[in-house]
Amino acid sequence: ETGVTQTPRHLVMGMTNKKSLKCEQHLGHNAMYWYKQSAKKPLELMFVYNFKEQTENNSVPSRFSPECPNSSHLFLHLHTLQPEDSALYLCASSQVLAREQFFGPGTRLTVL
Amino acid sequence: QKEVEQNSGPLSVPEGAIASLNCTYSDRGSQSFFWYRQYSGKSPELIMFIYSNGDKEDGRFTAQLNKASQYVSLLIRDSQPSDSATYLCAVANTGNQFYFGTGTSLTVIP
């Protein structure tokens, strides 16, 4: 595997389900990010981790819970989501903060 | 005031022409500037980054930075239909925060 990978690529879940999104980077980077992109809307930064420590949480609802066990892996745990949470969820990594970010392919999430 | 502003477009250019995409930013101390391309339904792909005033060229792409005017642009020479996408400008400010613009939609007409 190279670059940034994300699984699953597509996810359909009910409002009462619990699911997790996984991101792995193979670039030796130290910073990782979660973004949300709704249809026809700009990127919204959700969470930032730098050397496994969360440095930013952009007022994201608690039904989204991030986890960063090490610098290569990032998870987004989802529970009791709403239909308006349906979007493309993108993971990115960078060598350090403020350097160029590289994106994974994204997880297309649909909440029924 | 938004950290990064872009004209949402759409911008249409004929094949073979030069496409010019513009971006302004609010934090005068920003140090790093990036251009990403995003095809519909896909994730953003880094095209270029620039740190110093002036021009940086990579193939058909040229990034131009003017820190005094807080302005960064991307020129695409010999535009191809495959260049049709949304182009995102991103800026890293003095607080190491990374901001994306809303993107400019480019259509290259064959």
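Residues numbered from 1 in each chain as written. Chains lettered and ligands numbered in written order. Predicted model: local features only at pLDDT ≥ 70, side-chain atom pairs only at ≥ 80, totals over all residues. Heavy atoms only, no water.

Asker: Would you explain the nonpolar core in this entry?
Answerer: A general trend in soluble globular proteins is that nonpolar side chains are found buried together. In terms of nonpolar packing, the biggest core is built from 24 residues, with Trp-35, Val-72, Leu-74, Ile-76 and Tyr-87 of chain B touching the most fellow members. Contributions of two or more residues to this core are made by β3 (19–25), β4 (32–38), β5 (45–50), β7 (61–66), β8 (71–76), β9 (85–92) and β11 (104–109) of chain B. Core analysis: the second largest hydrophobic core is formed by 22 residues, Leu-74, Leu-81, Tyr-89 and Leu-109 of chain A among them. (Core = buried A, V, L, I, M, F, W, Y, C linked by side-chain atoms within 4.5 Å. Buried < 20%, exposed > 50% of the residue type's maximum accessible area, 1.4 Å probe, protein only. Helix = DSSP H or I, 4+ residues; strand = E, 2+ residues; numbered from the N terminus.)

Asker: I keep staring at the state of the cysteines and nothing clicks. Help me out?
Answerer: Structurally, a disulfide amounts to a covalent bond that connects the sulfur atoms of two cysteines. Using the criterion set out here, one finds two disulfides over all chains in the structure. The disulfide partner of Cys-23 of chain A is Cys-91 of chain A, and the gap between their sulfur atoms is 1.9 Å. Of note, the bridge from Cys-23 of chain A to Cys-91 of chain A carries an S-S torsion of about -70 degrees and is left-handed in sense. Remark: Cys-91 of chain A occurs in strand β9 (residues 87–94) and Cys-23 of chain A occurs in strand β3 (residues 18–25); sequence separation between them is 68 residues. Overall, the relative accessible area of 0% leaves Cys-23 of chain A in the buried class. Given the relative accessible area of 0%, Cys-91 of chain A is considered buried. The residue that forms a disulfide with Cys-23 of chain B is Cys-89 of chain B, at a sulfur-sulfur distance of 2.0 Å. Between Cys-23 of chain B and Cys-89 of chain B the disulfide shows an S-S torsion of about -70 degrees. By sign, it is left-handed. Of this pair, Cys-23 of chain B sits in strand β3 while Cys-89 of chain B sits in strand β9, placing them 66 residues apart in sequence. Cys-89 of chain B gets classed as buried once you look at its relative accessible area, which sits at 0%. Sulfur of Cys-68 of chain A: no disulfide; nearest cysteine sulfur belongs to Cys-91 of chain A and is 9.1 Å away. Cys-68 of chain A sits in the buried class, given a relative accessible area of 12%. (Disulfide = S-S within 2.5 Å.)

Asker: Would you mind going over the sheet that holds β3 of chain A with me for this structure?
Answerer: Strand pairs in the sheet, formed through backbone hydrogen bonds, run parallel or antiparallel to each other. Residue and element names in this part refer to chain A. Spatial strand order, β1-β3-β8-β7: four strands in an open sheet with antiparallel pairing. Edge positions in the open sheet fall to β1 (4–7) and β7 (64–70), since each of these has one partner strand only. When the angles between neighbouring strand axes are averaged without regard to direction, this sheet yields 15 degrees. Two elements, β3 and strand β8 (residues 73–79), share seven bridges in a ladder whose sense is antiparallel. Opposite Lys-22, over in β8, you have Phe-75 as the bridge partner. (Pairing = 2+ DSSP bridges. Axes fitted to C-alpha atoms, helices over the stretch in contact; angles between N-to-C directions.)

Asker: Got a minute to help me understand the interface of chain B and chain A in this structure?
Answerer: Often, the extent of an interface is quoted as the loss of accessible area on bringing the components together. In this complex, chain B contributes 18 residues to the contact, which on the side of chain A involves 17 residues. Here chain B and chain A share an interface that buries about 1,400 Å² over both sides, 59% of which is from carbon and sulfur atoms. The largest share of the area that chain B buries against chain A comes from Asn-96, Phe-98 and Phe-100 of chain B, three residues that together contribute 30% of it. Linking chain B to chain A there are zero salt bridges. Inspection of the chain B/chain A interface yields five residue pairs in polar contact (both at pLDDT 80 or more). When contributions to the side of chain B that touches chain A are tallied by element, the ones reaching two or more residues are β4, β5, β9 and β10 (98–100) of chain B. It is β4 of chain B that contributes the most residues to the side of chain B that touches chain A, four residues altogether. Here the side of chain B that touches chain A is composed, by residue class, of 10 nonpolar, seven polar and one charged. (Contact = heavy atoms within 4.5 Å. Buried area = accessible area lost by both parts, 1.4 Å probe. Salt bridge = Lys/Arg side-chain N within 4 Å of Asp/Glu carboxyl O. Polar contact = N/O pair within 3.5 Å; in protein donor to acceptor, adjacent residues only side chain to side chain. Nonpolar A, V, L, I, M, F, W, Y, C, P; charged D, E, K, R; others polar.)

So, to be careful, I would describe these as geometric facts and stop short of saying anything about function.
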